[in-house]
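What follows is the residue order along each chain.
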Amino acid sequence: MVTEEEIEHVSKLMRIDVDDHKKYVEKVNMMISYFDILDSAGVDSEEITMPETSISNLRKDEYIAYDDKLIEKLNHYKGTYVRAPKMSS
Amino acid sequence: MNLKISALDYIQEVKIGNISAEDFVAKTIERIQSVDDKLHAFLSINDKAVDQAREIDKRIKSGKKIGNCFGMPISIKDNICIKDSKTTCASKMLENFIAPYDATVITKLKQQDAIFVGKVNMDEFAMGLSTEFSAYGPSKNPWNIEYVPGGSSGGSAVSVSAFECIASLGSDTGGSVRNPASFCSTVGYKPTYGLISRYGLISYANSIEQIGPLTRTVKDSAFMLNLISGIDSNDNTTVDNKNEDYLSGIESGIEGKKIGIIKEMIGDGIDPAVLSATKDAIAKLEGLGAICEEISIDMVKYSVAAYYTITATEAGSNLARYDNIRYGYDFPLEGYEFNSYISKARRNFGPEVTRRMIIGGFVPSAGHAGKYFLKALKVKSKLTKEINEAFKKFDFLISPTVPILPFKIGEKIDDPISLFLVDINTVTANLTGKPAISIPFSNSNGLPIGIQLMADSMNDKSLLQAAYALEQTVNLPEVPI
C-alpha cells in the first residue's frame, strides 16, 4: 500500500507536477499492489546477473565530426543572429 | 495493381518489369488516403515518397545498381528516427521534434532503396499494448474497427494488415511487435537481444527492447532481418551475426525438432478459442514431424510483475531528459524556466507515461528497492536460468502470443491489472533476451489469433524455419477492409 504522501514525494523526485495527485494514487496503487506477487517467487537467495562489457569492447572515446549544420536547425533567428532565452529574471 | 503482395513478390515483380516502384508507391499512398481516416495507423505521411520511387525507377531503367528493396513501401514506428522527419513517440512532448539523424536501421534500409511512406502510431513512448495510450488517438483494428489493434506497435501492424505498406518496423519491449502482429494477423518478429541496432530508437527500457519487423509472411521477416541486423559501433549491445542469411534454408522443415509447450502460458484466464487454436497448432507441428511435450517454467507467473518493475525504472531514468532544457517540448523563448525545479514541459506526458514514471521512481527507491526492483532482477535471473535449462531439452517453445482475443477499444483502459495480464506470454522473451515470433494462425469470429514460437539466443535462423513450417499449414481469411 502506497500513501498519497509517498506518491507526492516520488512525483517530486521524478520532476512530475500533476494537479490531481489523488487521481494518480489509485491506479499507481493498484499497479504497485500487483507487484506484491514478487514476494511469493522465492528468489531471495538468487544472484542478480548483469551483462558486462569490457572496456576494450567499447568504442574509442574520440570525437566524431557531425557533418550536418545543427545550428541551422535552431528555431529563433533574428537576421544572422540566433535568439536564446534570457538566463536570469 | 495488387497491393496485397509480399515483399519478396514485390521485388520479383519490379525486377522483371511487371510493376514500377512509382505506380506501386502511388497506389499505396492512395490506399492510405482512402482507409486511414477509419484506421488511424499513420501519424505522418512522407509526401516525397512517390518522387523517391520515381528516382528508383529511373535508376532501374538506366541499369544502375539498385538496393534489395527496389522501392518497397515501408512504414516506421514513430519512435525510430528518420533524419529531417517528425519523430513524436505519439507524445505531445515531442510533437515538434524533427530528428537530426537517421537510426541505424533507417540508414541500412535507405541503402537498400526502401521507401518510407510514413511514421505510424503507437502507445505514447511505447508504454501500452493497445495503442489507446497514443496522445493522438487510438489506431483501429482492420479486422473490426471497434477493437484495439494491439500495441505498442499498433500502427505498424494495422498498416501492414490493411495493405497501407508492405512491411513495417516496430519495437518490442515486452511484446510490442508480437502482440499487435497477433491481433492484426501479421507476422511479428522480436530478434535475439543485440541482433538489431537500437541506435536512433528512442529509449524506453534499453536492457530488454529490440527493433523488429512486422510483415505479411515469415519469409518477408527473414528478408527484413537480413537487411537490418548486425553489429553497429553506435550500439555497444549489438552482437556480430557474421552476416547470417536468414532466408537461405528457411524451407528446411522441423522434422525431429523438439518443442516445449509452456504450461503457464495456456493456463488460467486463457480464452477457449485461443486454447483450441494453440492445440491445433501443436497438432499441425506434430504432423510435420516435430515432437511436442509440456514443460513448466515456474517464473512465468512472476514475469509480468518483474517486467513492469524493471521497465518503469528504466523509463523513469530515460524520460528524465525531457525537461525543456535539453530535450522535449519547446516553449517560446519567453517561457523558458531555467530556475524551476520541475518544468511545466513535463505536463506534456500523458497519464500512462506519468503513472509509469511515478512507479519508476518508487520501485527502485531507498527503502523499497529490496521489495520491488532487486526482487524483479532476481526473478529475471531465475527466469533466464529456467529458460536456458528448457532449451537444453527443446529446440523451440510454443504458446499463444496473447492468451486472449483482441478486445474492444476502451474495454480495459481503466483496469491496469487486466492489461498487465495480456503481456504474460510475451515478456519472457524480452526478460531473457531470446528471439520470438508471432505467426498468424487462426481466426475466431473475425478476430485473429497468433501463435508464438521462441528459440534460444542467436538461433534466429532456425526459429524462422520453424515459423515458416507452421505458416505453411495455415489458410486464413482476407482482412475485411
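The coordinates are above.
The shown structure was predicted, so the numbers you read here are calculated from the model rather than taken from an experiment.

Cut-offs used in this document
Per chain, residues are indexed from 1 in the order of the written sequence. The order in which chains are written sets their letters, starting at A; the order in which ligands are written sets their numbers, starting at 1. For this predicted model, a pLDDT threshold of at least 70 governs which residues receive local features, and a threshold of 80 or more governs which side-chain atom pairs are given and counted, while totals over whole chains, interfaces and linings are taken from all residues. Numbering of helices and strands runs from the N terminus, with a helix taken as a DSSP run of H or I at least four residues long and a strand as a DSSP run of E at least two residues long. Only C-alpha atoms enter the radius of gyration, while the globule expectation follows 2.2 Å times N to the 0.38, with N the number of residues. Think of it as a crowd count around each C-beta: if 20 or more other C-beta atoms lie within 10 Å the residue is buried, if 12 or fewer it is exposed, and in between it is partly exposed, with C-beta placed from the backbone throughout. A pair of strands is labelled paired if DSSP reports no fewer than 2 bridges between them. Take the buried Ala, Val, Leu, Ile, Met, Phe, Trp, Tyr and Cys residues, join any whose C-beta atoms are within 7 Å, and the set you get is a nonpolar core. Contact between two residues is assigned whenever their backbone-derived C-beta positions fall within 7 Å. In this classification, Asp, Glu, Lys and Arg are treated as charged, Ala, Val, Leu, Ile, Met, Phe, Trp, Tyr, Cys and Pro as nonpolar, and every other residue, Gly included, as polar. Note on geometry: axes are lines fitted to C-alpha atoms, helical ones only across the stretch in contact, with angles between N-to-C directions running from 0 to 180 degrees. Here, the arc refers to the directions that run from the helix axis to the C-beta atoms. Working rule for helices: expected span equals 1.5 Å times residues minus one.

1. What to know about the overall build of chain B
Scanning chain B for helices and strands turns up 14 helices and 11 strands. Taking 23 Å as the expected radius of gyration for a compact globule of 481 residues, we find that chain B reaches 21 Å, a close match to that expectation. Taken over the C-alpha atoms alone, chain B extends approximately 65 × 60 × 45 Å along its principal axes. For chain B, the proportion of its 481 residues judged to be buried stands at 59%.

2. Observations concerning the overall build of chain A
Helices and strands together make up the secondary structure of chain A, namely 2 helices and 2 strands. In chain A, the succession of α and β elements from N to C terminus is α-α-β-β. Rg of the C-alpha trace for chain A: 24 Å, well past the compact-globule value of 12 Å for 89 residues, more than 25% over.

3. Section: the pairing of strand E5 (residues 187–190) of chain B
Strand residues, when the strand is regular, have side chains that alternate between the two faces of the sheet. Residues and elements named next belong to chain B. Residues of E5 alternate between two faces, with Val187 and Tyr189 on one and Gly188 and Lys190 on the opposite face, all of them buried. Two elements, E5 and strand E10 (residues 436–444), share 3 bridges in a ladder whose sense is antiparallel. Counterpart to Gly188 in the pairing with E10 is Ser438.

4. Brief notes about the nonpolar core
Residues B:Met72, B:Ile74, B:Ile358, B:Phe396, B:Leu453 and B:Ala467 are the most contacted members of the largest nonpolar core, which totals 166 residues. Excluding its chain neighbours within four sequence positions, the residues that come into contact with B:Phe396 are B:Lys257, B:Ile259, B:Leu453, B:Met454, B:Ala455, B:Leu463 and B:Ala466.

5. A few points about unusual backbone geometry
Residues and elements named next belong to chain B. In the segment running from Gly151 into Ser152, the intervening peptide bond is cis, with an omega of 10 degrees. With respect to the secondary-structure elements, Ser152 resides in the loop between strand E3 (115–120) and helix H5 (154–161). Residue Phe70 is not a glycine yet carries a positive backbone phi of 50 degrees. With respect to the helices and strands, Phe70 occurs in the loop between helix H3 (49–61) and strand E2 (73–77). Accessibility expressed as a C-beta count within 10 Å gives 26 for Phe70, which makes it buried.

6. Points about the interface of chain B and chain A
Facing 40 residues of chain B, the contacting portion of chain A comprises 38 residues. Broken down by secondary-structure element, the contributors of at least two residues to the side of chain B that touches chain A are helix H9 (300–318), helix H10 (351–362), helix H11 (373–393) and helix H12 (416–420) of chain B. For the side of chain B that touches chain A, the leading source of residues is H11(B), giving 8 residues. A per-class count over the side of chain B that touches chain A returns 23 nonpolar, 9 polar and 8 charged.

7. Observations concerning the sheet that holds strand E6 (residues 210–215) of chain B
All names here are of chain B. Strand order in the open sheet formed by 11 strands is E1-E3-E2-E4-E6-E5-E10-E11-E9-E7-E8, and the pairing between neighbours is mixed. Here the strands that pair on one side only, and so sit at the sheet edges, are strand E1 (42–45) and strand E8 (291–295). Taking the axes of each pair of neighbouring strands and ignoring which way they run, one obtains an average angle of 30 degrees across the sheet. Alignment of E2 against strand E4 (residues 167–172), held across 3 bridges, turns out to be parallel. Each residue of the ladder has a partner; that of Ser75, found in E4, is Ser168. Along the sheet, helix H2 (residues 21–39) makes contact with E1, E2 and E3, crossing E3 at roughly 15 degrees.

8. So, helix H1 (residues 7–15) of chain B
Residues and elements named next belong to chain B. Along H1, the residues that are buried comprise Ala7, Tyr10, Ile11 and Val14. Along the axis of H1, the buried positions cluster into a sector of 95 degrees, meaning they face one direction only. As for H1, its buried residues are in contact with H2, E4, E6 and helix H7 (218–228). Gly17 lies just past H1 and shows a positive phi near 85 degrees.

9. Structural notes on the pairing of strand E11 (residues 447–455) of chain B
Residue and element names in this part refer to chain B. Counted residue by residue, E11 has 9 buried out of 9 residues, so it is predominantly covered. The side-chain alternation of E11 yields two buried faces, one formed by Leu447, Ile449, Ile451, Leu453 and Ala455 and the other by Pro448, Gly450, Gln452 and Met454. Bridging between strand E9 (residues 396–400) and E11 involves 5 bridges; their strand directions are antiparallel. Looking at the pairing, Pro400 lines up with Ile451 of E11. Summarising the sheet, E10 and E11 pair through 8 bridges and their orientation is antiparallel. Looking across to E11, one finds that Ser442 is bridged to Ile449.

10. Here's the deal with helix H2 (residues 21–34) of chain A
Here H2(A) is 14 residues long and its end C-alpha atoms lie 20 Å apart, about the 20 Å a rise of 1.5 Å per residue gives. Where the residues of H2(A) are buried, they touch helix H1 (4–13) of chain A together with H9, H10 and H12 of chain B.

11. Regarding the environment of B:Ala162
The topology assignment puts B:Ala162 in the loop between H5 and E4. Placed 126 residues apart in sequence, B:Ala162 and B:Asp36 show a C-alpha to C-alpha distance of 9.1 Å.

12. Focus on the environment of B:Gln452
Residues and elements named next belong to chain B. Position of Gln452 among the secondary structure elements: in strand E11. Take Gln452: there are 32 C-beta atoms within 10 Å of it, and that puts it in the buried class. The spacing of Gln452 and Ser438 is 14 residues in sequence and 4.5 Å in space, taken between C-alpha atoms. If we skip the residues at most four places from it in the chain, Gln452 touches Arg178, Ile398, Ser399, Pro400, Thr401, Asn425, Ala436, Ile437 and Ser438.

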